[in-house]
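Working through the structure, step by step
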Amino acid sequence: MCMFLSRLAPALGLAVSLLASPASAQDKLTVYTYESFTADWGPGPAVKKEFEAECGCSVDFVSVADGVALLNRVKLEGASTKADIVLGLDTNLTAEAKASGLFVPHGPVSENSVPGGWSDDTFVPYDYGYFAFVYDTEKLKNPPKSLKELVEGDAADKIVIQDPRTSTPGLGLLLWVKSVYGDKAPEAWAKLKPKVLTVTPGWSEAYGLFTKGEAPMVLSYTTSPAYHMVAENTERYQAASFEEGEYLQIEVAGITTTGAKNPLAAKFLAFMTGPKFQDVIPETNWMFPAGKTDKPLNPAFDKLVKPAKTLLFSPEEVAANRKAWVDEWLAVMSK
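All of these numbers come straight from a predicted model, not from anything done at the bench. (Residues numbered from 1 in each chain as written. Predicted model: local features only at pLDDT ≥ 70, side-chain atom pairs only at ≥ 80, totals over all residues. Heavy atoms only, no water.)

Considering unusual backbone geometry
One non-glycine residue, Asn233, lies in positive phi territory at about 55 degrees. Secondary-structure assignment places Asn233 in the loop between helix H10 (224-231) and strand E9 (237-239). On the accessibility criterion, Asn233 (71% relative accessible area) is exposed. (Helix = DSSP H or I, 4+ residues; strand = E, 2+ residues; numbered from the N terminus. Buried < 20%, exposed > 50% of the residue type's maximum accessible area, 1.4 Å probe, protein only.)

Following this line, the structure appears as structure tokens:
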């Protein structure tokens, strides 16, 4: 991974010294993340067990509903945050997170593999996926083949989405609509609004409503059907493939200014890019791994929708426009 080493020598020197410090200097690591990561079925329990065995320390996960809420909490706490690591932001939030001054450059980590490559001095990717509308094949025989079909489709075919003010998938959908519709996004939201059964704070609530049969479609990921194939041995739930393409999400973790004082923080980021963490991701977080793995992906992942086109705004574009675009969404959805 290219990490602009020459420009970051002083900061990296600090991170390297932290890596070299004994774990006994501090025996607890506090990681802020989102609820589905720490759930019993999520990656959290396995990650905690593996890292604690490696570091001889204690890992304390603190969770909030979703990734945007995660950044909101850290910014609210400011320099007094107890978080050493924040895990669960994505590229739509990294520029704003850096601008907060609450994160520090990371030390050396393993090579990463994400679409389009990766080069960032502060945040390290741990998985990636593509947003998609997952549908129940027993309730929806003809799913939309494009975002346009979804927006202009039958209002009786309800969907559950997440709030872009608190949720990274919710923000992802907002950016997906914006990337396809541009200045006409408000008109698209106005057309889509009658189909929206509810807007949840985070992904877990939305997907729970979907699997309980409250709506035939939910905003999730192209990888979500793999869970049902592997864990439930069913292909009932599938992701719709949109001809305009799908919006990419790359999830990341970073060290806070608090964590810069804890040698375990840099150790965790190095651990995160290795197989003991990465091999856990596909069948717990149900995303594609972004680091080094020892295990091949389950064959179920070969059956998933492959995006015709990858959609993605730069972190800087999102930081410059997020508030205005969220306000635009809110003006339509709150009427």
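From this point, the discussion proceeds with the structure in view.
Focus: the state of the cysteines
Across all of its chains, the model carries one disulfide by this definition. In this model, Cys55 is linked to Cys57 through a disulfide, with the two sulfur atoms separated by 1.8 Å. Torsion about the S-S bond of the Cys55 and Cys57 cystine: about -75 degrees, corresponding to left-handed handedness. The same class applies to Cys55 and to Cys57, which are both buried. (Disulfide = S-S within 2.5 Å.)

Section: the side chain of Thr223
Its location among the elements puts Thr223 in the loop between strand E8 (217-221) and H10. Judged by its relative accessible area of 0%, Thr223 is buried. Look past the residues within four positions of Thr223 in its chain and what remains in contact with it is Trp286, Met287, Phe288, Phe301 and Leu304. (Contact = heavy atoms within 4.5 Å.)

Regarding the pattern of salt bridges
This model, assessed by the stated rule, comprises 16 salt bridges. Where Asp120 meets Lys98, a salt bridge forms, and the shortest distance between an N and an O atom there is 3.1 Å. Separated by 22 residues along the polypeptide, Asp120 in the loop between strand E4 (103-104) and strand E5 (123-136) and Lys98 in helix H5 (residues 94-99) bring together distant segments of the chain. Judged by relative accessible area, which is 9%, Asp120 ranks as buried. The closest approach of N and O atoms between Glu235 and Lys303, which form a salt bridge, is 3.1 Å. Taken as a pair, Glu235 in the loop between H10 and E9 and Lys303 in the loop between strand E11 (288-289) and strand E12 (310-311) lie far apart in primary sequence, 68 residues in all. By relative accessible area, which is 46% here, Glu235 ends up partly exposed. Look at the salt bridges and you will find they share partners, linking Lys75, Glu96 and Arg322 into a network. (Salt bridge = Lys/Arg side-chain N within 4 Å of Asp/Glu carboxyl O.)

Some points on the packing of helix H3 (residues 44-55) against helix H11 (residues 263-272)
The geometry of H3 relative to H11 is characterised by a closest axis approach of 11 Å and an angle of 120 degrees between their N-to-C directions. Relative to H11, the element H3 is oriented oblique. Seen from above, H3 lies across H11 with right-handed handedness. Contacts from Val47, Glu50, Phe51, Glu54 and Cys55 of H3 reach H11 at Leu264, Lys267, Phe268 and Phe271. (Axes fitted to C-alpha atoms, helices over the stretch in contact; angles between N-to-C directions. Parallel < 35°, antiparallel > 145°, perpendicular 65-115°, else oblique. Left-handed = near helix turned anticlockwise from the far one by under 90°.)

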